[in-house]
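Listed below are the residues making up each chain.
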Amino acid sequence: MPDLSLLPRSAAVDGDDLRIGGCLLRELAAEFGTPAFVIDEQALRARAREYVSAFASRHPRTRVCFAAKAFPSVSMIRIFAQEGLGCDVVGGGELRIALAAGVPPSKIVMHGNAKTDGDIQAAIDARIGYIAVDGFDDIDRIEKLARDITPVLLRVSPGIDSATHAALATGGATSKFGVPAEQVPQAIARMRAVPTIDLRGLHAHIGSQIFDLDQFEAEVAALASMERFGVYDFGGGLGVRYVPEDDAPGIDEYAGRLVSAARRHLGDDVDLLVEPGRSLVAPVGLTLYRVVTVKRAARTHVAVDGGMGDNLEPSLYGQRFTPLVVGQWNAAQVRADLVGRHCESGDVIVTDAMLASPQVGDLVVVAVTGAYCFTMCNNYNAALRPPVIFCADGVARLAVRRETEADLMAREVAPADFR
């Protein structure tokens with residue numbers, strides 16, 4: 001039988017099919033088409049509750065905020081709002097989505113290394129919980145735009161080179177994010193000179209897809225070495241398993257280490273925030289493709305009807321994924337590159353994948369695509385962006401419809417004589 005350990009917890013073989021959230025994948029493909037993002041809603045809610053419980057049981061004054069950039073959809077964020085989570089947004093667009101999803105403004109933190117006047121004004125107008133000041137220009141903009149007291153956090157670049165892909169590391173000395181440690185006193189003094197700025201605490205985020213929990217403890221220690229405040233936001237960054245050999249810490253272990261470090265360095269009388277993204281949503285989602293062609297030559301290429309239009313992580317970060325041919329449970333395995341349909345040699349989903357007798361028309365599942373794949377969907381070769389389907393108790397719910405050809409043309413401004 002296939003290894004289902006990377007799929008959402010509800011995954012179960014049903015003859016030559018696979019159930020997710022009680023729904024058969026063949027039926028989902030027939031109804032909604034492929035490619036498609038499939039989300040196990042019950043697993044999603046369970047993961048949100050696990051995060052809340054893991055921190056609340058250790059430090060009740062902790063707020064868990066979903067990092068909206070991991071899956072910026074009202075359908076997704078509404079579920080987190082129902083489960084009591086706040087939201088970390090970047091810019092006015094994500095703020096609008098979070099508000100539409102029902103997140104209380106007081107539970108929203110706005111980030112961004114290059115916030116515009118419009119972003120700052122939107123945050124002020126919505127009266128969100130905190131604006132994370134990322135640099136001196138943010139201070140100037142808040143001073144110019146704010147008419148009332150505006151609570152803020154100061155994002156610090158703690159100088160930690162996290163053990164992850166370079167594009168995912170955000171806390172090093174050369175990072176574009178945050179204020180370098182040596183400039184923090186100057187930034188604090190500048191904010192205290194502005195009557196409308198209420199500096200409540202410090203923030204740091206050292207990167208994404210991190211397995212080494214020691215690095216999160218180092219982040220806490222770095223913030224504790226600076227002036228003390230009543231609020232500390234440690235960002236997110238916990239890694240997840242993408243391939244069977246990955247050894248990712250669990251949510252409970254991560255919470256235990258982070259809270260212990262906070263108490264050791266900061267004491268108990270502080271408010272904590274954490275901002276998980278990938279570790280909340282990646283494991284509960286998968287992408288469903290259909291094989292379009294199989295080419296056997298010097299290498300075997302199995303091409304599906306999606307690719308880098310719906311999953312840029314292999315191209316951007318070299319991320320490995322684990323594909324599964326639906327229904328071919330006992331067939332012989334062949335080594336092949338699982339590739340996409342786009343006109344780009346780099347459009348490879350998985351190199352050297354072991355696929356069970358792949359044939360044209362087969363359904364292929366790629367697990368752990370619940371984070372950033374929807375986020376970075378694009379229209380390469382005018383591909384239509386996939387739908388999002390939530391599955392729970394055997395019921396499939398369309399959350400985001402598939403893009404249409406009319407959508408592709410909707411933003412075009414054609415001359416009057418265009419035919």
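Residues numbered from 1 in each chain as written. Predicted model: local features only at pLDDT ≥ 70, side-chain atom pairs only at ≥ 80, totals over all residues. Heavy atoms only, no water.

J.: Honestly, the side chain of His205 in this entry has me stumped. Any pointers?
T.: Among the secondary structure elements, His205 is positioned in the loop between strand E11 (197-203) and helix H8 (213-224). Among the polar contacts listed, one links the side chain of His205 to the backbone oxygen of Gly207, at a separation of 3.3 Å. Among the polar contacts listed, one links the side chain of His205 to the backbone nitrogen of Gly236, at a separation of 3.1 Å. (Helix = DSSP H or I, 4+ residues; strand = E, 2+ residues; numbered from the N terminus. Polar contact = N/O pair within 3.5 Å; in protein donor to acceptor, adjacent residues only side chain to side chain.)

J.: Help me understand the pairing of strand E14 (residues 285-296) in this model?
T.: Every regular strand shows the same layout, with side chains that alternate between the two sheet faces. Examined bridge by bridge, strand E4 (residues 36-40) and E14 share four bridges and lie antiparallel to one another. Bridging from a neighbouring strand, Val38 pairs with Leu286 of E14. Bridging between E14 and strand E19 (residues 363-367) involves five bridges; their strand directions are antiparallel. Bridged to Tyr289 within E19 is Val364. With five bridges connecting them, E14 and strand E15 (residues 300-304) associate as antiparallel partners. (Pairing = 2+ DSSP bridges.)

J.: Quick question: what am I supposed to make of the side chain of Asp134 here?
T.: Positionally, Asp134 belongs in the loop between strand E8 (130-133) and helix H6 (136-145). This buried residue, Asp134, is left without a salt bridge; Arg155 holds the nearest opposite charge, at 4.1 Å. Polar side-chain contacts of Asp134 include one of 2.9 Å to the backbone nitrogen of Gly178. The residues touching Asp134, leaving out its near neighbours within four places in the chain, are Gly112, Asn113, Lys115, Arg155, Lys176, Phe177, Gly178 and Val179. (Buried < 20%, exposed > 50% of the residue type's maximum accessible area, 1.4 Å probe, protein only. Lys, Arg positive; Asp, Glu negative; His and termini not counted. Salt bridge = Lys/Arg side-chain N within 4 Å of Asp/Glu carboxyl O. Contact = heavy atoms within 4.5 Å.)

J.: Looking at this model, I keep getting lost on the environment of Gly394. Mind explaining?
T.: With respect to the element layout, Gly394 can be found in the loop between strand E20 (388-392) and strand E21 (395-400). Look at Gly394 and you get partly exposed, because its relative accessible area is 42%. Measuring from C-alpha to C-alpha, the distance between Gly394 and Ile20 comes to 8.2 Å, with 374 residues separating the pair along the chain. Those residues in contact with Gly394, other than ones at most four positions away along the chain, are Gly21, Gly22 and Cys23.

J.: How do you make sense of the nonpolar core when you look at a structure like this?
T.: Inside soluble globular proteins, nonpolar side chains tend to come together where they are buried. Membership of the largest hydrophobic core comes to 130 residues, with the highest contact counts inside it found for Phe66 and Leu154. A per-element tally of this core places helix H9 (residues 251-266) first, with eight residues. Aside from chain neighbours lying at most four places away, what touches Leu154 is Val133, Val179, Val184, Ala187, Ile188, Met191, Leu199, Gly201, Leu202 and His203. One finds Cys65, Tyr130, Ala132 and Leu273 within the second-largest nonpolar core, a separate group that totals seven residues. (Core = buried A, V, L, I, M, F, W, Y, C linked by side-chain atoms within 4.5 Å.)

J.: Teacher, can you tell me more about helix H3 (residues 74-82) here?
T.: The periodicity of an α-helix, 3.6 residues per turn, causes residues three or four positions apart to be oriented the same way. Residues of H3 that are buried: Ser75, Met76, Ile77, Ile79, Phe80 and Ala81. Directly after H3, the chain includes Gly84, whose backbone phi takes a positive value near 90°.

J.: Explain unusual backbone geometry here, please?
T.: Residues apart from glycine generally show negative phi values, whereas peptide bonds are mostly found in trans. Here the residue pair Thr34 and Pro35 is connected by a cis peptide bond, since its omega of -5° sits within 30 degrees of zero. Mapping Pro35 onto the fold places it in the loop between helix H1 (25-32) and E4. One non-glycine residue with positive phi stands out, namely Val368, at about 60°. Examined against the element boundaries, Val368 turns out to sit in the loop between E19 and E20. Phi is positive for Tyr372, close to 70°, though the residue is something other than glycine. In this structure, Tyr372 sits in the loop between E19 and E20.

J.: Would you mind showing me how to read the packing of aromatic side chains here?
T.: Aromatic rings considered in pairs are described by the distance between their centres and by the relative angle of their planes. Applying the stated criterion across every chain yields a total of eight aromatic pairs. Their ring planes at 75° and their centres at 6.4 Å tell us that Phe37 and Phe374 sit as a pair that is edge-to-face. One end of the pair, Phe37, is in strand E4; the other, Phe374, is in the loop between E19 and E20, with 337 residues separating them in the sequence. Just as Phe37 is buried, Phe374 falls in that class too. Here the aromatic rings of Phe216 and Tyr254 are separated by 5.1 Å at their centres, their planes lie at 75°, and the arrangement is edge-to-face. Taken as a pair, Phe216 in helix H8 and Tyr254 in helix H9 lie far apart in primary sequence, 38 residues in all. (Phe/Tyr/Trp six-rings, centres within 6.5 Å; stacked < 30°, edge-to-face > 60°.)

J.: Which parts of the structure should I look at to understand the sheet that holds strand E1 (residues 12-14)?
T.: Hydrogen bonds between backbone atoms are what pair the strands of a sheet, whose relative direction is either parallel or antiparallel. With antiparallel pairing, three strands are arranged side by side in an open sheet as E1-E2-E3. Of all the strands in the sheet, the pair left with one neighbour each is E1 and strand E3 (23-24). Bridging between strand E2 (residues 17-20) and E3 involves two bridges; their strand directions are antiparallel. Residue pairing across strands places Arg19 opposite Leu24, the latter belonging to E3.

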